[in-house]
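Overview (structure and organization)
One letter stands for each residue in the lines below.
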Amino acid sequence: MESLQGILTKPDLVDKGTEEAVVDIVRNLIIHLKKGYMIVKCRGQQDIQSNLDLASAIQKEKAFFEDHEHFRILMAEKRATIPLLAEKLTSELVEHINKSLPTLEDQINTQLQKANQDLLKYGKGMPKTEGEKLHFLIDKIRLFNQDITNLSQEEKLSENDTRLFTKIRKEFLKWEKKLNESAVKMQKGNHLEVQRFDEQYRGRELPGFINYQTFETIIKQLIVELEAPAIEMLKKVTEMVRQDFTKVAKDHFADFHNLYRAAKDRIEDIKEKQLEEAECIVRTQFAMEQILYCQDKVYSRDLSSVRKHTAAEEKGPLKVNSVGLLLCLPDEKYASVKEMAYHLEAYFNITSGYQGPP
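Scope of this entry: the structure provided in the associated data block. Counting restarts for each chain, with residues numbered from 1 along the sequence as it is written. Owing to the predicted nature of the model, reporting of local features is limited to residues with pLDDT of at least 70; listing and counting of side-chain atom pairs is limited to 80 or more, with chain, interface and lining totals taken over all residues. Hydrogens and water are ignored here; the side-chain numbers use all heavy atoms of the structure.

**What about the nonpolar core?**
Joining through side-chain atoms within 4.5 Å is the link that ties buried Ala, Val, Leu, Ile, Met, Phe, Trp, Tyr and Cys residues into a set, and such a set is a nonpolar core. To sort residues, take the accessible area from a 1.4 Å probe on protein chains only and compare it with the maximum for the residue type: under 20% means buried, over 50% means exposed, and anything in between is partly exposed. Core analysis: the biggest nonpolar cluster contains 35 residues, and F144, F215, I219, A249, Y299 and Y347 have the highest contact counts within it. Sorting the residues of this core by element identifies α6 (130-152), α7 (164-184), α9 (212-253), α10 (257-289), α11 (296-311) and α12 (335-355) as the ones contributing at least two each. Secondary structure elements are defined from DSSP: runs of H or I of at least 4 residues count as helices, runs of E of at least 2 residues count as strands, and each element is numbered from the N terminus. With 13 residues, the top contributor of residues to this core is α9. Any two residues whose heavy atoms approach within 4.5 Å at even a single point are treated as in contact. Leaving out residues up to four positions away in the same chain, Y347 has contacts with F215, I219, I291, L292, Y293, C294 and Y299. With 13 residues, the next largest nonpolar core counts V23, L33, M75 and A80 among its residues.

This is the structure in structure tokens:
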């Protein structure tokens, strides 16, 4: 109740014997208010009908309080009459204005700055001559191209915007996670495939010699499973870029429907063309990955690294490596499965590097 000012009216109608209670209320002793109470006597209906002017009404009010046995003390304490109420309210208003001025000034400056920015954005107004129209159009397109360039170069266009590269980077991190999960979630039947071939087709080969065709089939299957998620991620990133570019176009051309439509159409055309080219490149990359190849030196290094990494676990319990193949099989019968696991692990580590995020 810090902002409340209590005002009592019609003191001439107070019941006899309750005057002291009214005095206590005005003195803020009954219901406390931060700014206290005032009591006034306004013109009655009879005074209004008699066309009693304001000055006469004030004199009549003053005489009422001066002559009243109980309320005269309130006038002495400056708690009664309309002139004293006006004086107090004026003082309160001045105090409130003094407190509010700094905040009000800051708000005005903020709004002024925003208005100036909007005016700069709108330019010098609508041109009239053909020459002015041409310069106006050039300036609008130049500013639009400037913001598109800033967006492409990872510049924030406003404090509330999230950088485009930041959003795209999150998608590539999701793709990296997808690659890692695809390694961990390789079909659990891969080792069964190797085991089946070993039991059904191994002839004079000694245990531990792997079949290259089986190895190639497993790798190709994994690469095929990754192609669709890669295309999906490409389309999602492309749509994010299109949305941000379209937002820039709307910010610049919202009041110019033809320009806005032309910019949107151009953005859409470029998006479709570049998406088609990018998708072709991605599919070509996956098609190339169907041809198993790696430099001897690189493959030998990774294969050696896998062997060293699992060497300490050879005597441990049954384990599964990142491509779903059993590594620690104590039974000599599964030597071929173990050997295949080493090769798959090494090759998958290499291809994941090719297809991972930049």
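**Brief notes about the side chain of T246**
Inspection of the secondary structure assignment puts T246 in helix α9. In this structure T246 comes out as buried when scored by relative accessible area, which is 13%. Not counting residues up to four positions away in its chain, the partners in contact with T246 are Y260, K264 and I267.

**Some thoughts on the pattern of salt bridges**
Salt bridge, as used here: a side-chain nitrogen of Lys or Arg that lies within 4 Å of a carboxyl oxygen of Asp or Glu. Summed over all chains, the structure comprises 19 salt bridges. K133 is the partner of E130 in a salt bridge, and the nearest nitrogen-oxygen pair spans 3.9 Å. With E130 and K133 both in helix α6 and 3 residues apart, the pair spans about one turn of that helix. In this structure E130 comes out as exposed when scored by relative accessible area, which is 60%.

Scope: geometric values only; no functional claims are made or implied.
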